[in-house]
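Listed below are the residues making up each chain.
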Amino acid sequence: MTDASMDTPRPRRAKTSLVSEDARTKKRNAAEKRFQAYGIAAIATGLFFLAVLAFSIVRSGLPAFTTTVVDVNFTLTQEQFDEAEGQLFKTKAYSGYFITALQKKLEAENVQVAFDEAAIERIMGKIGGTLREYYTANPDQLGQEVAFKLNASSRVDGYFKGRVQRETLQDSRFLTLADLDLVDALAEAGIVHSAFDWGFITGADSGVDNPGGAGIGASVVGSFFMMLVVLFLSLPIGVAASIYLEEFAPQNRWTDMIEVNISNLAAVPSIVFGILGLAVFIQFMHLPQSAPLVGGLVLTLMTLPTIIISTRASLKAVPPSIRDAALGVGASKMQSVFHHVLPLAMPGILTGTIIGLAQALGETAPLLLIGMVGFVARGYPDGFISGFTDPNSAMPAQIYTWAARADQAFYEKAWGGIIILLIFLLTMNIIAIILRRRFERRW
Amino acid sequence: MPVIWLIVIVLALAAAGFILGRTRAMQSAGGDSRHLHSLPTYYGSNVALKAVVPAMLLMVVWLVAQPFYVNGVVSGMIPDSAIADGSSRGLVLAEVRRAADGLDNAVAQGAISEEFARNARADFTDVTTRLKEAGQIVTTQITQPVLRAAQEYRVINATGNMIMSGVVILVALLGVFWGLRETNKDFRARNVVEKSVMALLIAAASIAVLTTVGIVLSLIFNTIEFFRLYPASEFFGSLTWAPSFGGGSELGVLPLLWGTFYISLVALIVAVPIGLFAAVYLSEYASKPVRSFAKPMLEVLAGIPTIVYGLFALLTIGPMLLSVFGPDGTGWMGGQRAVITAGLAMGIMLIPFVSSLSDDIINAVPQAMRDGSYGLGATKSETIKQVILPAALPGIVGAVLLATSRAIGETMIVVLGAGAAARLSLNPFEAMTTVTAKIVSQLTGDSDFASPEALVAFALGMTLFIMTLGLNVFALYIVRKYREQYD
């Protein structure tokens, strides 16, 4: 039988060679190449999105840091002051003086352009009121030349930045085409120009109708006080909880429950923490609404799981020999942990804490629910304690408020706010990386 | 006395107690610490702990309990006749608090004297005009009984705070004396201190459980309150979402759930293929320099706050899509806010989330399985497709589920990018809204807190919490089960 089966003719196979690829190998190799290309394409897409994101942040955000200012040297004599104060429409008299001075200056520069008081008001706001306020507050400046640096209106600012275009502009009570001629002439004379906007960095929210005066300073302060609360609550509580769970906890139902809770809390949507804050801290405990203290408490509860998870990892990384050595020379369990394990785990704990803080700094949704919306950030707190209890906003909430407003000029401010927020986040992350690089120990 | 000063005083007492306890212990040992049972600092810590812990506990309990007591007393002072139609006792009490704040501010400014603010026989119109002069807001709702109640409120609060300060300081002092009394050289200070530190550690660990309990309770009570005002069958069964603050709203959750799922679906369609292929390439093909560059760069996407993605969706993705699909292009899209706008931004946000989770899981597949497959003559891609991915599948499913839960709970992107109209539609170019976006809009409006329009946010929060919790538990279960196979 075996002979017979050996004699059966084999199916004919195509001649193959190791040197030349047959069709099947070609197909397999092509599939291999294709698969690899998919991977490269996926990574390229991811990096492309990152690049587009970075590009649009920088391109749209940088204009927020400049503003259009009007530079005028102006002298008001005592007689003019008295005369203006004696009139019925005081501010009108002031703007009359200003316009005469501006006309003289333009004539000296040899610029021919006609304008009236209304045009000036459209370009740089109610100039008479500003002047009157200044001179009544500083009467000693009368008769001397004062260099005024006035912010141009947000629409003129938009014209300079390309937001407002000649072709699409429709004459309105805010800006007319004739005003743009005047602005061009003033720009040529060097009277109107762009300057760095310190007001954006130090200012507070300005209200719906004044995008030019909006600044992020007050909400940076709000974020700062919130981060103080988060740091001083979540670091000690997080470290204490991790020490217990990692070093002391017996295996029982209670510790199991704690562990499950921590891993679940890490994945609860942030807005649910906002609801918690609203119901417990504001409705139940009657803590002040919109206060950085409450915001800090909510964010503390949110960051705790992050900090606990990273602290436990760094406690686990300390080798048992350290604990054994401490116990061997007569330390108690508590002493071995607090005197030896904790100091060795500290760099890892701090890194985790900074990353948790950075996460908390960028969180928006829970803050909206407890009332820390942008428009409450109208000024700086009076002192250290009122910094915690006075209504304030935080950077991301302020950005949200600007983004939700109808006036397009606020969008630029929102992007600018994002640049500032990202600078803070970047700094925190770099500090965390440096800490890790410098103090990380491999056992 | 402000609470902060009370805390400072208690801490100062504790510091003094620490030094006293330490010295007393050293004295009892004749100045030689070798005769002591524990190290001298433990005697000091014992005294300090006994001063701080009971006093602080008492203070916290008192601060939480006092408002309830005060509210109870003040509420009893307001006759039913003083509550206007359409108003409620809660609103009147809020008015009382506001009036009391106004009196406080006026006293602080020096506009009225403390005695005058307390004087129960003071003329009503006199008080209100003086308040107005001091720049305090006086509404028409301040009536005679409200003002009397506000005065009483201030008096009780002031007395309560005074008693609290006294009692807390007394308790701290008693703690110091107690600690000092038991201090002598044979006292086992270390054991006592370590036991109390242990109690503090356990308390800290239990905060996680307390947080969950807090979340569940705050959701449940308000949800029950909501269902008392609005039928649950309507909430789960109605197909329209049309809140109107005048009453008669239709609050069906289904359109919101549909918007949530649709946007999450778009996000996952973007994020899962890109994230998965990126993870496969990074863990199987990439050279070391490529990996060490591309991996952290992708993870930068995960560190960017969601508000940035929201703005990116609204101001970059939206206009870009509008220029292609809008009225000037194919005409499919009406405005820049749409399901696809929010979905794309959310997808970009989720890429690193999917890729780093799957990366970990792919790396956990044992090398022996790859080697076996190569030994049989499989190419790299065949190994990945037929060996590694099937082995890693449960973990990858877990990662996708976690990403889904993240997408469902995401708020800022949808608030800015998805629009405000609740719709049941299949068109991804239309604006829709989600559960999270509606929680924000219902709770940040001016609506009365006791109305169904505001309370519905808690029912929505409950829905969201249960959905994400279910997904997380399921995902963690799958991931954990899979890991056990190779450990």
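None of these values were measured; they are calculated from a predicted model. (Residues numbered from 1 in each chain as written. Chains lettered and ligands numbered in written order. Predicted model: local features only at pLDDT ≥ 70, side-chain atom pairs only at ≥ 80, totals over all residues. Heavy atoms only, no water.)

Looking only at helices and strands, one finds 17 helices and two strands in chain B. Reported as C-alpha extents along the three principal axes, the dimensions of chain B are approximately 90 × 75 × 40 Å. Going through the 487 residues of chain B one by one, you find that 48% of them count as buried. Considering only residue pairs separated by 6 or more positions, chain B has 72% of its internal contacts joining residues 24 or more positions apart. For chain B, the computed accessible surface area is about 22400 Å², with 65% contributed by carbon and sulfur atoms. (Helix = DSSP H or I, 4+ residues; strand = E, 2+ residues; numbered from the N terminus. Buried < 20%, exposed > 50% of the residue type's maximum accessible area, 1.4 Å probe, protein only. Contact = heavy atoms within 4.5 Å. Areas by Shrake-Rupley, 256 points an atom, 1.4 Å probe, with all protein chains shown as cover.)

Regarding its fold elements, chain A presents 19 helices and three strands. Its C-alpha atoms give chain A a radius of gyration of 33 Å, clearly above 22 Å, the size a compact globule of 443 residues would have. Based on the C-alpha atoms only, the size of chain A along its principal axes is roughly 125 × 75 × 40 Å. Counting across all 443 residues of chain A, residues that qualify as buried make up 49%. Computed over 37 positive and 39 negative side-chain charges, the separation of the two mean positions in chain A equals 17 Å. (Rg over C-alpha atoms; globule rule 2.2 N^0.38 Å. Lys, Arg positive; Asp, Glu negative; His and termini not counted. Charge placed at Lys NZ, Arg CZ, Asp CG, Glu CD.)

All names here are of chain A. For the structure shown, the criterion picks out 25 aromatic pairs over all chains. Ring geometry for Phe65 against Phe196: centres 6.4 Å apart, planes inclined by 25°, an arrangement best described as stacked. Of the two residues, Phe65 sits in the loop between helix 2 (23-61) and strand 1 (66-75) while Phe196 sits in strand 3 (residues 192-196), which places them 131 residues apart along the sequence. According to the relative accessible area criterion, Phe65 is buried, its value standing at 11%. A residue is classified by how much of its surface remains accessible, and Phe196, at 43% relative accessible area, is partly exposed. Plain terms: the ring middles of Tyr159 and Phe160 are 6.4 Å apart, the flat faces sit at 80° to each other, and that makes the pair edge-to-face. (Phe/Tyr/Trp six-rings, centres within 6.5 Å; stacked < 30°, edge-to-face > 60°.)

Bringing the environment of Tyr135(A) into the picture now. Residue and element names in this part refer to chain A. Relative to the helices and strands, Tyr135 resides in helix 6 (residues 127-137). Expressed as a C-alpha distance, the spacing of Tyr135 and Val230, which sit 95 residues apart in the sequence, is 46 Å. Setting aside anything within four residues of it in sequence, one finds Tyr135 in contact with Phe74, Thr75, Leu76, Phe81, Gln141, Leu142, Val146 and Phe148.

Here we come to the interface of chain A and chain B. How big an interface is tends to be stated in terms of the accessible area lost upon association of its parts. In this complex, chain A contributes 72 residues to the contact, which on the side of chain B involves 83 residues. The partner of Glu382(B) in a salt bridge is Arg28(A), with the nearest N and O atoms 2.8 Å apart. For the side of chain A that touches chain B, the per-class residue count stands at 56 nonpolar, 14 polar and two charged. (Salt bridge = Lys/Arg side-chain N within 4 Å of Asp/Glu carboxyl O. Nonpolar A, V, L, I, M, F, W, Y, C, P; charged D, E, K, R; others polar.)

Here we take up the sheet that holds strand 1 of chain A. Residues and elements named next belong to chain A. Sheet architecture is open: three strands sit in the order 2-1-3, paired in antiparallel fashion. Among the strands making up the open sheet, the edge pair consists of strand 2 (145-151) and strand 3. Going across the sheet, the axis of each strand differs from the next one's by a mean of 40°, ignoring polarity. Across the sheet, helix 6 lies against strand 1 and strand 2, angled at about 135° from strand 2, the strand it touches most. (Pairing = 2+ DSSP bridges. Axes fitted to C-alpha atoms, helices over the stretch in contact; angles between N-to-C directions.)

Residue and element names in this part refer to chain B. At a closest axis distance of 10 Å, the pairing of helix 1 (residues 3-28) and helix 6 (residues 144-182) adopts a crossing angle of 10°. On the basis of the axis angle, helix 1 is roughly parallel to helix 6. Contacts between helix 1 and helix 6 pair Leu6, Ile9, Val10, Leu13, Gly17, Leu20, Gly21 and Arg24 from the former with Met164, Ser165, Val168, Ile169, Ala172, Leu173, Val176, Leu180 and Arg181 from the latter. (Parallel < 35°, antiparallel > 145°, perpendicular 65-115°, else oblique.)

Residues and elements named next belong to chain B. The final tally for this structure, using the stated rule, is 17 salt bridges over all chains. Glu182 is the salt-bridge partner of Lys50, the closest N and O atoms lying 2.2 Å from each other. Taken together, the residues span a long stretch of sequence, with Lys50 in helix 2 (residues 40-77) and Glu182 in helix 6 at a distance of 132 residues. Each member of the pair Lys50 and Glu182 is classed as buried. A salt bridge links Arg370 to Glu284; the shortest N-O distance between them is 2.9 Å. Here Arg370, found in helix 13 (residues 367-375), pairs with Glu284, found in helix 9 (residues 254-285); they are 86 residues apart in sequence, far enough to count as distant. By relative accessible area, which is 10% here, Glu284 ends up buried.

Residues and elements named next belong to chain A. In this fold, Ser234 is placed in helix 10 (residues 217-248). Residue class for Ser234 comes out buried when judged on its relative accessible area of 0%. One polar contact links the side chain of Ser234 to the main-chain carbonyl oxygen of Val230, over a distance of 2.6 Å. In contact with Ser234, not counting residues within four places along its chain, are Val239, Thr300, Leu304 and Ile307. (Polar contact = N/O pair within 3.5 Å; in protein donor to acceptor, adjacent residues only side chain to side chain.)

Annotation of chain A at the domain level lists domain 1 (68-196) and domain 2 (217-439). Using C-alpha coordinates to define each centre, domain 1 of chain A is positioned 48 Å away from domain 2 of chain A. (Domains from an automatic or database assignment.)

Our next topic: the environment of Glu95(B). Turning to its location among the elements, Glu95(B) is positioned in helix 3 (residues 89-109). Counting along the chain gives 318 residues from Glu95(B) to Ile413(B), while the straight-line C-alpha distance between them is 37 Å.

What follows concerns a nonpolar patch on the surface. A surface patch of nonpolar side chains, amounting to about 510 Å² of accessible area, comprises Phe384(A), Ile385(A), Ile4(B), Trp5(B) and Val8(B). Breaking the nonpolar patch down by element, the ones donating at least two residues are helix 17 (384-389) of chain A together with helix 1 of chain B. Sorting elements by how many residues they give to the nonpolar patch places helix 1 of chain B first, with three residues. Take Phe384(A): it is sitting in helix 17. (Patch = residues over 30% accessible without salt bridge, like charges linked within 9 Å, V, L, I, M, F, W, Y side chains within 5 Å.)

Quick look at the nonpolar core now. Counting residues in each nonpolar core, the largest one holds 183 residues, and the members touching the most others are Phe273(A), Ile215(B), Ile439(B) and Leu460(B). Within the second largest apolar cluster, 40 residues are counted, among which are Met124(A), Tyr135(A), Val183(A) and Leu186(A). (Core = buried A, V, L, I, M, F, W, Y, C linked by side-chain atoms within 4.5 Å.)

Quick look at the confidence of the model for chain B now. Mean pLDDT over chain B works out to 86, with 91% of the residues at or above the 70 mark. Highest mean pLDDT in chain B belongs to helix 9 of chain B (94); lowest belongs to helix 4 (residues 114-118) of chain B (70). (pLDDT = per-residue confidence, 0-100.)

This paragraph deals with helix 13 (residues 292-317) of chain A. Residues and elements named next belong to chain A. Under the 1.5 Å per step criterion, the end-to-end length of helix 13 is 35 Å for 26 residues, consistent within 8% with the ideal 38 Å. Thr303 marks the point of greatest bend in helix 13, at about 35°, and the proline Pro305 comes within the next four residues. Burial within helix 13 is extensive, with 19 of its 26 residues counted as buried. (Expected span 1.5 Å × (residues − 1). Bend = angle between axes of the 7 residues up to and from the residue.)

All names here are of chain A. Tallied over the entire structure, the rule returns three cavities of 30 Å³ or more. A volume near 90 Å³ is recorded for the largest cavity. When residues of the lining of the largest cavity are traced back to their parent elements, those giving at least two are strand 1, helix 7 (154-161) and helix 19 (409-439). Partitioned by chemical class, the residues of the lining of the largest cavity number four nonpolar, four polar and six charged. (1 Å grid on protein atoms, 1.4 Å probe; cavity = no way out; pocket = protein on both sides within 12 Å on 5 of 7 lines; lining within 4 Å. Points joined across faces, edges and corners; volume = space filled by probe spheres on them.)

Next up on the list: the confidence of the model for chain A. The pLDDT averaged across chain A works out to 85; a share of 96% of its residues lies at or above 70. Looking across chain A, the model is least confident in helix 1 (residues 2-7) of chain A, with a mean pLDDT of 53, and most confident in helix 14 (residues 320-328) of chain A, with 94.

What follows is about the pairing of strand 1 of chain A. All names here are of chain A. In this structure, strand 1 lies alongside strand 3, joined through five bridges in antiparallel fashion. Pairing of Val70 across the sheet is with Val192, part of strand 3. Where strand 1 lies against strand 2, seven bridges are found, and the strand directions are antiparallel. The residue bridging Asn73 from the neighbouring strand is Ala147, located in strand 2.

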